[in-house]
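# Residue-level structure breakdown
For reference, the chains in residue letters:
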Protein chains: 2
Amino acid sequence: MEKYVIGVDYGTLSGRAVLAEVGTGKEICSSVFEYPHAVMDRTLPTGEALGHDWALQHPRDYLDVLANTIPAVLRKSGVDAGDVIGIGTDFTACTILPVKTDGTPLCFLPEYEHEPHAWVKLWKHHAAQDKANKLNEIAEKRSEKWLRNYGGKISSEWAIPKIWQVLDEAPEIYAAADRFIEAADWIIWQLCGKETRNSCTAGYKEIWNKGTGYPSNEFFKALDPRLEHVVEEKLGTVISPLGDRAGVITAAAARLTGLREGTAVAIGNVDAHVSVPAVGIDGPGKMLAIMGTSTCHIMMGTEEKQVPGMCGVVADGVMPGYFGYEAGQSCVGDHFSWFVENCLPADYREEASRQKKNVHELLSEKAAKLSPGESGLLALDWWNGNRSVLVDVDLTGLMLGMTLHTKPEEMYRALIEATAFGTREIIENYRKNGVPVEEFYAAGGISQKNPLIMQIYADVLNMPVKIAGSDQCPALGSAIFAAVAAGKDAGGYSDVFEAARIMGKIKDKVYTPIPENAAVYDKLFQEYVTLHDYFGRGANDVMKRVKAIKIERSRG
Amino acid sequence: MEKYVIGVDYGTLSGRAVLAEVGTGKEICSSVFEYPHAVMDRTLPTGEALGHDWALQHPRDYLDVLANTIPAVLRKSGVDAGDVIGIGTDFTACTILPVKTDGTPLCFLPEYEHEPHAWVKLWKHHAAQDKANKLNEIAEKRSEKWLRNYGGKISSEWAIPKIWQVLDEAPEIYAAADRFIEAADWIIWQLCGKETRNSCTAGYKEIWNKGTGYPSNEFFKALDPRLEHVVEEKLGTVISPLGDRAGVITAAAARLTGLREGTAVAIGNVDAHVSVPAVGIDGPGKMLAIMGTSTCHIMMGTEEKQVPGMCGVVADGVMPGYFGYEAGQSCVGDHFSWFVENCLPADYREEASRQKKNVHELLSEKAAKLSPGESGLLALDWWNGNRSVLVDVDLTGLMLGMTLHTKPEEMYRALIEATAFGTREIIENYRKNGVPVEEFYAAGGISQKNPLIMQIYADVLNMPVKIAGSDQCPALGSAIFAAVAAGKDAGGYSDVFEAARIMGKIKDKVYTPIPENAAVYDKLFQEYVTLHDYFGRGANDVMKRVKAIKIERSRG
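Residues numbered from 1 in each chain as written. Chains lettered and ligands numbered in written order. Predicted model: local features only at pLDDT ≥ 70, side-chain atom pairs only at ≥ 80, totals over all residues. Heavy atoms only, no water.

## Some words on the nonpolar core
The biggest cluster of nonpolar side chains holds 154 residues, and the ones touching the most others in it are Tyr430(A), Phe440(A), Phe535(A), Phe339(B), Tyr430(B), Phe440(B) and Phe535(B). Once residues lying within four places of it in the same chain are set aside, the contact partners of Phe339(B) are Leu344(B), Leu363(B), Pro408(B), Met411(B), Tyr412(B) and Leu415(B). (Core = buried A, V, L, I, M, F, W, Y, C linked by side-chain atoms within 4.5 Å. Buried < 20%, exposed > 50% of the residue type's maximum accessible area, 1.4 Å probe, protein only. Contact = heavy atoms within 4.5 Å.)

This is the structure:
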């Protein structure tokens, strides 16, 4: 009797469930639910205005994903809930919320719903930058050893700066919060009725270390005396490794989802990290880039190396027995979306509509006719700051080389190339610091839809680019972890390596570098690096000064 | 009995005649004729393809301007040709063509019409850059004194590099050319039947000096032995000062234009320089910026100072008795046109069309709502290279500060601000080198149409901006010189100072700096200067290297 698993992937704008066959990894069907509240970056649902760089979400949307997509995949597939042996989930991170001891989000309570800090802070909430700066300064001054495990910088996107911002700007919310919890773990709480915390978000986003735990109370006290006991008071100290079973579906969750009570629930996971087994990766040196609005680069290594500017190295952070490395680019697909929304002339839009193409297809076709270097353009891919290797959200975009002959498809291609150069910078930075990168895999929407971008990446990286065999990799990865949570006896797998080899997959088409293109991109990459270092490493902090003027003037 | 004069202004895309009252400067009427062949930058009329950076024109278009516009203004005004006491003209420069001894352009002859070098090279023909580079190198090595009168660099837009390109690439055309002549002087030849050469183009564009003449034959020989006698063989050595009478309308010209045979014809002039009396300027320290697709900055000084990066200092180059200073920005309105053609989203275009506005009006309205610094953007205005103060056509555009929130009107405003910073750089460069700039006047289309741009200039320069009273300044300036060519006895004026005071004019509305804005722009200008020097003065020649790759790849 064939067994099935369900993986649920929580993205930035929607959640997606996939129902897959345990024995093959074959995806039987899927269902998507778009968050009704999407990203709240201007106002709360109750109308209160949000500040600059804020990005919130509504936890009700996460529950609605479960209530809509799981019944949908069961119905579409005709699979009996009794044959579903496990469910796994993955989330954006660090996406974090304050809750009461029973897991109720503060924003669900009428007394807090008007308070922005009571809501979910989405990964791309950037308003805690001053906290991150101060945290890094203090950590450096105190020579905190863990700092070097995060490339020397804690990002404003991560948990401690975000929690500190709550304390500082809304101490009553901080006081009212019994816990701060990753959405990745909160959703597990909703499924199996108990609080768990996974090693991936704890390690990458909350500064937890398998060997040494969280930073010391003294460190937190140095940030702010009121934070001294934040770990015991607001976070959990029991951390579960990836691949564990969190628990089983409760009666309430069974009513919400249509799954059977008692179905295995995998420990929480992160959308990028969970994708690694979905492309069949089962060992070190193989980088997976999950390319969507932003890109995460996940890889395993055999040694714990401290690499400047990466997002983190976490023991067992991806699969047990290896050190998981994470790096990231905070703006990839978002560059292209920004471009078509703000820079695409009417005649291009009309041409696309006449040819019944979407505008990205049209631009890609036109850009594909250009050879590398032919546009004369060079860009820095910093429209949303730089995550790796500079870890600096205050950096901004740059393009140079424009002339009166410059066409839209040339700028579009320059933006693509800039993101590829950014990826190469990350890879070279690993190599320089003793972490080998031998293979490159791409997953995510862009990898599935845009051959031009994949070829440019192959040429810029001068490495073959292997493409995920699934267009819903995180959900498939979550399904793989669900099969591991269910365990061998229930018809699943005993470990994730076995599960990855059987259920993971790549496409037959591999993009191989074209030597002539790679040679031109080698030259342009050197130029990229010079600009990257000039604007990003302090020689000319014009971007920060101009941004400071902007913020001052926007307030005035 | 009221007397009249006609001024004809030859621009980049059209020619315009104005008929004005001598006694008041009042413009009675005008007529425009668009060049049927416009700018030829891809093919000849006979179909031959043109190279990268070429820009040619058709001399027939210039004659058609005379044949169409002069009869039109006579007809529209009802003025009798007998009451028109003079005609003056002005032209883009250096716009130059090879001709036979009788003035016939080589491109009019069937044996040469297929040869690109037989045609008029427009001011913005940039394909002689390698010649300009070599010329500058040789001049520097030989310590040629005249070089410092041109800011230390001869532009590829000027006569000698263009003539040298003809010699090098089409020696048979060079041999067949009896003369190379500025279009400014060629049109006078058509009107009064004899070759003259004016001190303005000779001084600014052909390296002629009132005191010392042209560079030595030895210098030309050092460029190329075949150029040794270029001055005697191909140029003229009799140079007429501005304000002189070139001659009178011939019978043929009378048939072409409808003017009376014997009507006074002013010596040739240049569109920018001729505009100075049209705003009433009659002395030193008052900069006139003629703002259109590009901007020319013309000013007079009492001393001959050698200012790095200006286009030239020429005795009597604007008005007799003063040193004329010229500087320039090769891309101003062209930036904004490029932007609306290549970067303006469909919804903006639709909004403009719904509101029955042109897109520049719409963008300016939206940009006017922003305060200085609020966009967080900073640009270098180099989409068409940099004329002053870097004199480098190989520089290209740059914009930084973009985020995912950046809107089109912010980029549009950043381009405006960049051109204003470019103007300020020119002014500060003059001041640093001992040439006072005390007042600022703006003429040209932009000055008449766009209050936002004028206010930004006032704020960036921190100087009041006075606006030309005529929207056809060069034509009015030409008319003023026509009145001087006619002379007092014929009802005109005895000198251009008197004529300027009576016939020149500015608007009542003066744009005054807003101190708060000026303070923000002071900060941003410092950032502009840092980037200007970093990319423009050799610290990082990335623009040139990327452009070299572009040219190589476009050929491949």
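Now that the structure has been shown, the text picks up again.
## A closer look at the sheet that holds strand E3 (residues 27–34) of chain B
By way of backbone hydrogen bonds, the strands of a sheet pair with one another, either parallel or antiparallel. Residues and elements named next belong to chain B. Ordered by their spatial adjacency, six strands build an open sheet running E3-E2-E1-E5-E10-E9, and the pairing between neighbours is mixed. Each of the sheet's edge strands pairs with one partner strand only, and the pair in question is E3 and strand E9 (245–248). Going across the sheet, the axis of each strand differs from the next one's by a mean of 20 degrees, ignoring polarity. As paired elements, E9 and strand E10 (residues 264–266) share three bridges and run antiparallel to each other. The residue of E10 that forms the bridge with Val248 is Ala264. The sheet strands contacting helix H17 (residues 473–486) are strand E1 (4–10), strand E2 (14–21), E3, strand E5 (84–90), E9 and E10, and the helix crosses E1 at an angle near 135 degrees. (Pairing = 2+ DSSP bridges. Helix = DSSP H or I, 4+ residues; strand = E, 2+ residues; numbered from the N terminus. Axes fitted to C-alpha atoms, helices over the stretch in contact; angles between N-to-C directions.)

## Quick look at the environment of Gly373(A)
Of note, Gly373(A) is situated in the loop between helix H12 (359–368) and strand E15 (378–380). Judged by its relative accessible area of 7%, Gly373(A) falls in the buried class. Between the C-alpha atom of Gly373(A) and that of Arg387(A), which follows or precedes it by 14 residues, the distance is 26 Å. Ignoring any residue separated from it by four or fewer positions in sequence, one finds Gly373(A) in contact with Val520(A), Leu524(A), Ile549(B), Lys550(B) and Arg553(B).

## What about helix H2 (residues 129–141) of chain A?
Residues and elements named next belong to chain A. Taking 1.5 Å per residue, 13 residues should reach 18 Å; H2 reaches 18 Å between its end C-alpha atoms and fits that length. All of the buried residues along H2 are Gln129, Lys131, Ala132, Leu135, Asn136, Ile138 and Ala139. Contacts from the buried residues of H2 go to helix H3 (159–169) and helix H7 (217–223). Positive backbone phi, at 50 degrees, marks Ser143, one or two positions downstream of H2. (Expected span 1.5 Å × (residues − 1).)

## Thoughts on the relation of the copies chain B and chain A
Mapping chain B onto chain A leaves a residual RMSD of 0.1 Å; the transformation is a rotation of 180 degrees accompanied by 0.0 Å of translation along its axis. Seen this way, the second copy is the image of the first under a two-fold rotation axis. Mapped onto chain A, 98% of the interface residues of chain B again fall at the interface, so both copies present the same surface. (Least-squares fit on C-alpha atoms with pLDDT ≥ 70 in both.)

## Some remarks on the interface of chain B and chain A
Counting from both sides, the interface comprises 56 residues of chain B and, opposite them, 56 residues of chain A. In this assembly, chain B packs against chain A so that about 4700 Å² is buried in total across both faces, 60% of it on carbon and sulfur atoms. Scanning the region where chain B abuts chain A turns up four salt bridges. Across the pair Glu516(A) and Arg553(B) runs a salt bridge, and its minimum N-O distance is 3.2 Å. At the junction of chain B with chain A, the criterion picks out 21 residue pairs in polar contact (both at pLDDT 80 or more). Elements with a contribution of two residues or more to the side of chain B that touches chain A: helix H11 (333–342), helix H12 (346–354), strand E16 (397–402), helix H14 (408–432), helix H19 (515–536) and helix H20 (542–555) of chain B. (Buried area = accessible area lost by both parts, 1.4 Å probe. Salt bridge = Lys/Arg side-chain N within 4 Å of Asp/Glu carboxyl O. Polar contact = N/O pair within 3.5 Å; in protein donor to acceptor, adjacent residues only side chain to side chain.)

## A few points about the pairing of strand E5 (residues 84–90) of chain A
All names here are of chain A. Counting buried residues along E5, seven of its seven residues qualify, which places the element largely inside the surrounding structure. Of the strand pairs in this sheet, strand E1 (residues 4–10) and E5 are connected by six bridges, and their pairing is parallel. The partner of Gly7 across the bridge, within E5, is Gly88. As defined by bridge partners, E5 adjoins strand E10 (residues 264–266) across two bridges and the pair is classed as parallel. In the strand pairing of E10, Gly86 is matched with Ala264.

## Focus: helix H18 (residues 496–503) of chain B
Residues Val496(B), Phe497(B), Ala499(B), Ala500(B) and Met503(B) constitute the buried set of H18(B). Looking down the long axis of H18(B), one finds its buried residues gathered within 165 degrees of arc, a one-sided arrangement. (Arc of directions from axis to C-beta.)

## Describing unusual backbone geometry
All names here are of chain A. The omega angle of the peptide bond from Ala93 to Cys94 is -5 degrees, so this bond is cis rather than trans. Along the chain, Cys94 falls in the loop between E5 and strand E6 (96–99). For the peptide bond that leads from Ser388 to Val389, omega is 5 degrees, which places it in the cis range. Note on placement: Val389 falls in the loop between E15 and strand E16 (397–402). Not every positive phi belongs to a glycine, and Ile207 is a case in point at roughly 65 degrees. Looking at where Ile207 falls in the secondary structure, it is placed in the loop between helix H6 (199–205) and H7. Look at Ile207 and you get buried, because its relative accessible area is 2%.

## Considering the packing of aromatic side chains
According to the stated counting rule, one finds 40 aromatic pairs over all chains in the structure shown. Centroid distance Phe421(B) to Tyr521(B): 6.0 Å. Interplanar angle 75 degrees. Geometry classified as edge-to-face. Of this pair, Phe421(B) sits in helix H14 while Tyr521(B) sits in helix H19, placing them 100 residues apart in sequence. Each member of the pair, Phe421(B) as well as Tyr521(B), carries the same accessibility label: buried. Members of the aromatic cluster, each reached through a chain of ring pairs, are Tyr10(A), Tyr35(A), Tyr62(A), Phe91(A) and Trp186(A). Against the face of Tyr174(A) rests Lys234(A), its NZ or CZ located 4.6 Å from the ring centre. Its guanidinium or amino end placed over the ring of Tyr511(B), Lys509(B) lies 4.8 Å from that ring's centre, counting from NZ or CZ. (Phe/Tyr/Trp six-rings, centres within 6.5 Å; stacked < 30°, edge-to-face > 60°. Lys NZ or Arg CZ within 6 Å of the ring centre and 35° of its normal.)

## A short note on the environment of Trp119(B)
All names here are of chain B. Structurally, Trp119 is set in the loop between strand E6 (96–99) and strand E7 (120–121). Judged by its relative accessible area of 3%, Trp119 falls in the buried class. Once the C-alpha coordinates of Trp119 and Glu439 are considered, the two residues, 320 residues apart in sequence, prove to be 40 Å apart.

## Digging into the sheet that holds strand E19 (residues 506–511) of chain A
All names here are of chain A. The mixed open sheet is built from seven strands, whose spatial order is E13-E14-E12-E11-E17-E18-E19. Strands with a single pairing partner mark the edges of an open sheet, and in this sheet they are strand E13 (312–315) and E19. For this sheet, the mean inter-axis angle between neighbouring strands, taken without regard to orientation, is 25 degrees. In this sheet, strand E12 (residues 295–301) lies alongside strand E11 (residues 286–291) in antiparallel orientation, the contact comprising four bridges. Of the residues in E12, the one forming a bridge with Ala289 is His297.

## Some details on the packing of helix H10 (residues 333–342) of chain A against helix H13 (residues 408–432) of chain A
Residues and elements named next belong to chain A. As a packed pair, H10 and H13 sit with axes 10 Å apart at the nearest point and diverge in direction by 165 degrees. Relative to H13, the element H10 is oriented roughly antiparallel. In the crossing of H10 with H13, the sense of the turn from one axis to the other is right-handed. Contacts between H10 and H13 involve His335, Phe336, Phe339 and Val340 from the first element and Pro408, Met411, Tyr412, Leu415, Ile416 and Thr419 from the second. Here the residues of the contact of H10 with H13 are counted per class, giving eight nonpolar, two polar and no charged. (Parallel < 35°, antiparallel > 145°, perpendicular 65-115°, else oblique. Left-handed = near helix turned anticlockwise from the far one by under 90°. Nonpolar A, V, L, I, M, F, W, Y, C, P; charged D, E, K, R; others polar.)

## Notes on a negative patch on the surface
A surface patch of like charges, here negative, comprises Asp347(A), Glu350(A), Asp347(B) and Glu350(B). Among the secondary structure elements, those contributing two or more residues to the negative patch are helix H11 (346–354) of chain A together with H12 of chain B. Within the secondary structure, Asp347(A) is located in helix H11. (Patch = residues over 30% accessible without salt bridge, like charges linked within 9 Å, V, L, I, M, F, W, Y side chains within 5 Å. Areas by Shrake-Rupley, 256 points an atom, 1.4 Å probe, with all protein chains shown as cover. Lys, Arg positive; Asp, Glu negative; His and termini not counted. Charge placed at Lys NZ, Arg CZ, Asp CG, Glu CD.)

## A few points about the pattern of salt bridges
In the structure shown here, the tally under the stated rule is 58 salt bridges over all chains. Between Arg424(A) and Glu428(A) there is a salt bridge, with its nearest N and O atoms 2.9 Å apart. On the criterion of helical spacing, the pair formed by Arg424(A) and Glu428(A) is a turn pair, its members being four residues apart in helix H13. Of the residues examined, Arg424(A) reaches a relative accessible area of 9% and is grouped as buried. A salt bridge links Lys3(B) to Asp83(B); the nearest nitrogen and oxygen atoms lie 3.7 Å apart. Here the residue Lys3(B) occupies a position in the segment before E1, and Asp83(B) occupies one in the loop between helix H1 (59–77) and E5, the gap between them amounting to 80 residues. Accessibility expressed as a relative area gives 25% for Lys3(B), which makes it partly exposed. Judged by its relative accessible area of 13%, Asp83(B) falls in the buried class. Through salt bridges that share partners, Asp130(A), Lys131(A), Asp168(A), Asp224(A) and Arg226(A) make up one connected network.

## Description of the side chain of Lys131(A)
Residue and element names in this part refer to chain A. Structurally, Lys131 is set in helix H2. Among the polar contacts listed, one links the side chain of Lys131 to the side chain of Asp130, at a separation of 3.4 Å. A distance of 3.1 Å separates a polar atom in the side chain of Lys131 from a polar atom in the side chain of Asp168. Excluding anything up to four places from it in sequence, Lys131 contacts Pro161, Trp164, Gln165 and Asp168.

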